[in-house]
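Chain by chain, the residues run as shown.
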Amino acid sequence: MEAAIREKSIAIGLMKSNDYMKARNKLLDARNTWSGLENINELITVCDIMCTAQFQLPGSGIDWYWILQTTRTVDESVIDYKYTNLIRVLGPIKGKFPGVDSALELIKQAYDVLSDRQKRQEFDLKRTASWGPCGGNVEPLNIAYPKEMEATSQSSSGSKRIVSQCSDKSNIICSAGAQPLKTVRSASEGDGEVVAENQALVNRVVANTCSQEASPDSAFTKAGFNNVAKCLVSSFGIPSSSMVHKEPTLEFYDFANNRKAEVFAIGQIWAAYDQEKMPRNYARINSIEKMHNKETNSTDVTLYVRWLKPAPLNIDEKKWHEAGLPICCGYFMQEKFNIDKCNRMVGGSPVFSHFISSFKDLTNDLFELYPQEGEVWAVYKDWKPFNWCNDPKTRKGCQFQLVEILTGYSKQPGVKVASLVKVAGFTSIFRRQEIQGSDFSYQITAPKSFIFSHNIPAYRFAGEKRGLFPGMVFELDPLSIPEDVVVETVAAKPPLEGRSSDASRTKHPIPISPPISSGPKPKWPEEAFSSGQIWAIYDDGPDAMPRRYVIVHGVNSGGEVSVTYLKPHPKLEDEMKWVEQNLPVACGSFRTGGVTLNLQVSRFSHLMKCDDSSSNSNKYLHKIYPREGEIWAMYKNWNSKWNHSNLINCQYRYVEILSSCSEDVEMRVASLVEVNGRKTFFHRQLYDDRFELTRTVSMKELLSFSHQVPAFTVPGIENHGIPADSWHLEPDALPAIPAN
């Protein structure tokens, strides 16, 4: 994980220097190490676009088709979708990383040209002429695409192929896709295939080869086509071993297909996006006007609709409605006289989200809509109906949670829902949240139905069939997922056999770790820090372990992190004596100290999970206790009478937390021992090769915990002679003196 974060940090520095080719390679390395790295796919998309922009066709400039990652033959609906999809992917990181704003501007310029019929025709003429001797024969023809993986935040787009076909050995037909990883192959049987890892590189090769005179002796004859591959290797120094790309195995559902022109029909009720770009408005189609575009050979529609307006029944619903707050559940009246004309797309973005089949037609004009079993809805996390009705502006910035509807709505009990959590490495893949092996569900009563924000289109599939967690998994329409959604992230794949499924464990493939390194601590990128976070930092002791805690305020212009130290807030007598001696405290209650300072990012070890509360003395407290699934170091042979001399050269034992600790509940821990010959791998200690050694730890013994050790399990580690249930412990958090 640390290696991936370092690679990402280096890539961001390269992006600041406009070296997007090298940056992209670094980002790919980072993603291969840890696919769950935040914003990694979005940054790769930025590099794809900026690399493409650096290659300009003579006479026509930037290839706008390549910017939108599409081809000349597509119709305007595909142009609309590509534009909308890229804006959705990069919009949330606008202004946060170098190159994003420029990439968004290029996307908008591309859409401005390709969505305008006249501008697109003019560009096509210039583009065709710019290919030299290939002239008018240059068309995106016979593109052998695999099932397309759209540019989403889950994955960089799937590879598309550049096909060069020799029909009569004099006319060359070239096509260039817009994907970052492309295959150059001959359409003739028997020719080789090569995959180039750099889009701009491929663009230059295609341009160079297309500028050659087309003749029977051309490099593009059947016998000489493989010169393209040689050009890639010899001219640009790409080692043959790097020219391999495996197609992504996870296919994503294309929600845009659900709102194509041919799907709309008279009488349907559709959810439309409101001013907050969420599908909270409802419209019933009164009539449809179809239009056929001869140039693109496609059909589009203009819709004439009657809007459905909320029909509140009780006083609380009326207050909510009068305050102008969005209503997505309950009763709705169809407008009798007003019919609005609506385009299916506006400015490249869809107007309508999805067709709703669950509306109950009570009368000709009165309809009822409530969440139905199997649907996915967004709910307000901090729902405050009284405050919001009195001052609707207080709803701004509210957060959301996502739930699956387990039972249909009933006026007495309401609905039963299950919380959803996000699958690591994806932004739109979710599954049910589990607590101690069972789905976490709860009841939302009928009077609280306005806690539902909106319905989210969802595609349900079996996780094990996609190499993900077993059980049902949801892919959600990214356009309907709120930006301020607050959900936990869980591993994409099940834990190793014999382990409990704990969301706090991070699983990703890594090479076998070398012995403990005495080198510098990992350097976190600036974007890893945000205000309000609690971090463990390496202390100033002789072994420099992550025993001190700070609360983050932000990152200054010099790249240092502004923090305030947390101080122990002892309650028990032993704790007070321990603090009086200025001995390190890793568990318990902490309060914000008075010292604020700037620290280098190399001082930071890992994020801490804590519970916040206000004490009787009105001091804001942060409660930090070992949690289930974490690994902690404990002092060996500890007792409460220790002083500084006892801590010098003390030994440690490592334990896995089996049950979380609180102020009134003891915790259970399992002892860990080192895997023979592997100084950073530990597994549970066994007695008589059959029984795991576990014990309970009381509140009075919390001072025996030295510090948390970041750790994760490694899939497939048993193939390297290491027990499958082993933990890999962060080397920088392991004291130099051997434990156990």
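Residues numbered from 1 in each chain as written. Predicted model: local features only at pLDDT ≥ 70, side-chain atom pairs only at ≥ 80, totals over all residues. Heavy atoms only, no water.

Within an unreviewed UniProt entry, the label attached to the protein reads J domain-containing protein, and the organism entered is Papaver somniferum.

S.K.: Provide a residue-level description of the side chain of aspartate 539, including the pertinent values.
M.R.: On the secondary structure map, aspartate 539 appears in the loop between strand E28 (534–537) and strand E29 (548–555). Dropping the residues within four chain positions of it, aspartate 539 is found in contact with Ala544, Met545, Arg547 and Arg548. (Helix = DSSP H or I, 4+ residues; strand = E, 2+ residues; numbered from the N terminus. Contact = heavy atoms within 4.5 Å.)

S.K.: Quick rundown of helix H3 (residues 40–54)? Include the residues and the values.
M.R.: Each α-helix turn comprises 3.6 residues. Residues three or four places apart therefore point the same way. For H3, with 15 residues, the first-to-last C-alpha span of 21 Å sits near the 21 Å given by 1.5 Å per residue. The element H3 is extensively covered by neighbouring structure, given that 14 of its 15 residues are classed as buried. (Expected span 1.5 Å × (residues − 1). Buried < 20%, exposed > 50% of the residue type's maximum accessible area, 1.4 Å probe, protein only.)

S.K.: Which residues make up the nonpolar core, and what are the values?
M.R.: Trp64, Ile67, Leu90, Ile107 and Phe604 are the most contacted members of the largest nonpolar core, which has 59 residues in total. The two domains that each donate at least three residues to this core are domain 1 (1–125) and domain 3 (525–624). Contacts of tryptophan 64, omitting those with residues within four sequence positions, involve Leu106, Gln109, Ala110, Val113, Leu114 and Phe123. (Core = buried A, V, L, I, M, F, W, Y, C linked by side-chain atoms within 4.5 Å. Domains from an automatic or database assignment.)

S.K.: Report on the confidence of the model for the protein, specifying residues and quantitative values.
M.R.: For the protein, the average pLDDT comes to 74, and 74% of its residues sit at 70 or higher. This stretch, residues 495–522, has a pLDDT under 50; its non-local contacts, to residues over four places away or in other chains, come to 81 contacts. (pLDDT = per-residue confidence, 0-100.)

S.K.: Could you give an account of a nonpolar patch on the surface, naming the residues involved and the relevant values?
M.R.: A cluster of nonpolar residues, Tyr687, Phe691 and Leu693, forms a patch on the protein surface that exposes about 320 Å² of accessible area. With respect to the helices and strands, phenylalanine 691 occurs in strand E40 (residues 691–692). A residue is classified by how much of its surface remains accessible, and phenylalanine 691, at 46% relative accessible area, is partly exposed. (Patch = residues over 30% accessible without salt bridge, like charges linked within 9 Å, V, L, I, M, F, W, Y side chains within 5 Å. Areas by Shrake-Rupley, 256 points an atom, 1.4 Å probe, with all protein chains shown as cover. Salt bridge = Lys/Arg side-chain N within 4 Å of Asp/Glu carboxyl O.)

S.K.: Quick one: what's the story with the packing of aromatic side chains, residue by residue and with numbers?
M.R.: For any pair of aromatic rings, the description rests on two quantities: the centre-to-centre distance and the angle between the ring planes. Following the criterion strictly, the structure yields 28 aromatic pairs and no others. Aromatic pair tryptophan 320 and phenylalanine 450: ring centres 5.5 Å apart, planes at 50°, arrangement tilted. With tryptophan 320 in helix H10 (residues 315–322) and phenylalanine 450 in the loop between strand E23 (441–444) and strand E24 (452–456), this residue pair connects regions lying 130 residues apart in the sequence. Classification of tryptophan 320 as buried rests on a relative accessible area of 1%. Overall, phenylalanine 450 belongs to the buried group, its relative accessible area being 11%. An aromatic cluster of at least three residues, connected via ring pairs, comprises Trp320, Tyr380, Trp383, Trp388, Phe400 and Phe450. In this arrangement the basic side chain of arginine 548 is found over the ring face of tyrosine 565, its NZ or CZ atom lying 3.9 Å from the centre. (Phe/Tyr/Trp six-rings, centres within 6.5 Å; stacked < 30°, edge-to-face > 60°. Lys NZ or Arg CZ within 6 Å of the ring centre and 35° of its normal.)

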